[in-house]
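Structural overview
Each chain, letter by letter, is given below.
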Amino acid sequence: TLPIKSVASMPCRAIGNPKPLINWYKDGIPVVTNERITIEVNGLLTITDLNKNEDAALYTCVASSKTGKSTWSAFLKLENPTNPNIKFYRAPETSALPGQPGIKC
């Protein structure tokens, strides 16, 4: 859960040989980049100026290569920051994210 008008950064890292291709999906539809939404070469999805109607969704990272694929999903919830009953959560540092799966892509 993040406040409206803030920034969401969702990393997606994958290793493998050949190097996996990373794609992002929002509610099952490919993410389209624009002036607020970027996807870096390393797989980092960044959404600025978060809007509850446009950005709250299930985001899925798909890392794939000819040898297989792996996915990771997270639901982005957005709330008004003036509500004292809402607890906002900061994404964990990248060092605290889960490690790579046992099977390479």
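Here we summarise the structure given alongside this text.

About the thresholds
- Residues numbered from 1 in each chain as written.
- Predicted model: local features only at pLDDT ≥ 70, side-chain atom pairs only at ≥ 80, totals over all residues.
- Heavy atoms only, no water.
- Helix = DSSP H or I, 4+ residues; strand = E, 2+ residues; numbered from the N terminus.
- Core = buried A, V, L, I, M, F, W, Y, C linked by side-chain atoms within 4.5 Å.
- Buried < 20%, exposed > 50% of the residue type's maximum accessible area, 1.4 Å probe, protein only.
- Contact = heavy atoms within 4.5 Å.
- Disulfide = S-S within 2.5 Å.
- Polar contact = N/O pair within 3.5 Å; in protein donor to acceptor, adjacent residues only side chain to side chain.
- Pairing = 2+ DSSP bridges.
- Axes fitted to C-alpha atoms, helices over the stretch in contact; angles between N-to-C directions.

Some details on unusual backbone geometry
Asn17 connects to Pro18 through a cis peptide bond whose omega is 10 degrees. Tracing the sequence through the fold places Pro18 in the loop between strand S2 (8-10) and strand S3 (21-26). The backbone of Lys5 shows a phi angle near 75 degrees, a positive value even though the residue is not glycine. Backbone geometry at Asp49 places phi at a positive 50 degrees, although glycine is not the residue there. The topology assignment puts Asp49 in the loop between strand S6 (45-47) and helix H1 (52-55).

What about the nonpolar core?
Nonpolar side chains in soluble globular proteins tend to be buried together. If you look at the biggest cluster of nonpolar residues, it comprises 15 residues, and the most contacted ones within it are Met10, Trp24, Leu45, Ile47, Leu50, Tyr59 and Leu76. Elements with a contribution of two residues or more to this core: S2, S6 and strand S7 (57-65). The residues contacting Leu50, other than those within four sequence positions of it, are Leu2, Pro3, Ile4, Lys5, Ser6, Val7, Ala8, Arg36, Asp55, Leu76 and Leu78.

Observations regarding the state of the cysteines
Linking two cysteines covalently through their sulfur atoms gives a disulfide. Using the criterion set out here, one finds one disulfide in the structure. Here Cys12 is linked by a disulfide to Cys61, with a sulfur-sulfur distance of 1.5 Å. Of note, the bridge from Cys12 to Cys61 carries an S-S torsion of about -45 degrees and is left-handed in sense. Separated by 49 residues along the polypeptide, Cys12 in the loop between S2 and S3 and Cys61 in strand S7 bring together distant segments of the chain. Neither Cys12 nor Cys61 differs from the other in exposure class; each is buried.

With respect to the environment of Thr33
Looking at the secondary structure, you find Thr33 in the loop between strand S4 (29-30) and strand S5 (37-39). It is 9.6 Å that separates the C-alpha atoms of Thr33 and Thr46, two residues lying 13 residues apart in sequence. Once residues within four sequence positions are removed from consideration, Thr33 is found in contact with Thr38 and Ile39.

Focus on the side chain of Thr60
Take Thr60: it is sitting in strand S7. The class for Thr60 is buried, based on a relative accessible area of 15%. A polar side-chain atom of Thr60 sits 2.7 Å from a polar atom in the side chain of Ser73. When neighbours within four sequence positions are excluded, Thr60 is seen to be in contact with Asn23, Trp24, Tyr25, Thr71, Trp72 and Ser73.

What about the side chain of Thr46?
Counting through the fold element by element, Thr46 comes out in strand S6. Sequence-distant contacts of Thr46, that is, excluding residues within four places in its chain, are made with Val7, Ala8, Ser9, Arg36, Ile37 and Thr38.

Comments concerning the sheet that holds S2
Strand order in the open sheet formed by three strands is S2-S6-S5, with antiparallel pairing between adjacent strands. Each of the sheet's edge strands pairs with one partner strand only, and the pair in question is S2 and S5. Across this sheet, the average inter-strand angle for adjacent strands is 10 degrees, counted without regard to direction. The pairing of S5 with S6 spans three bridges and is antiparallel. Its bridge partner being in S6, Ile39 is matched across the sheet by Leu45.

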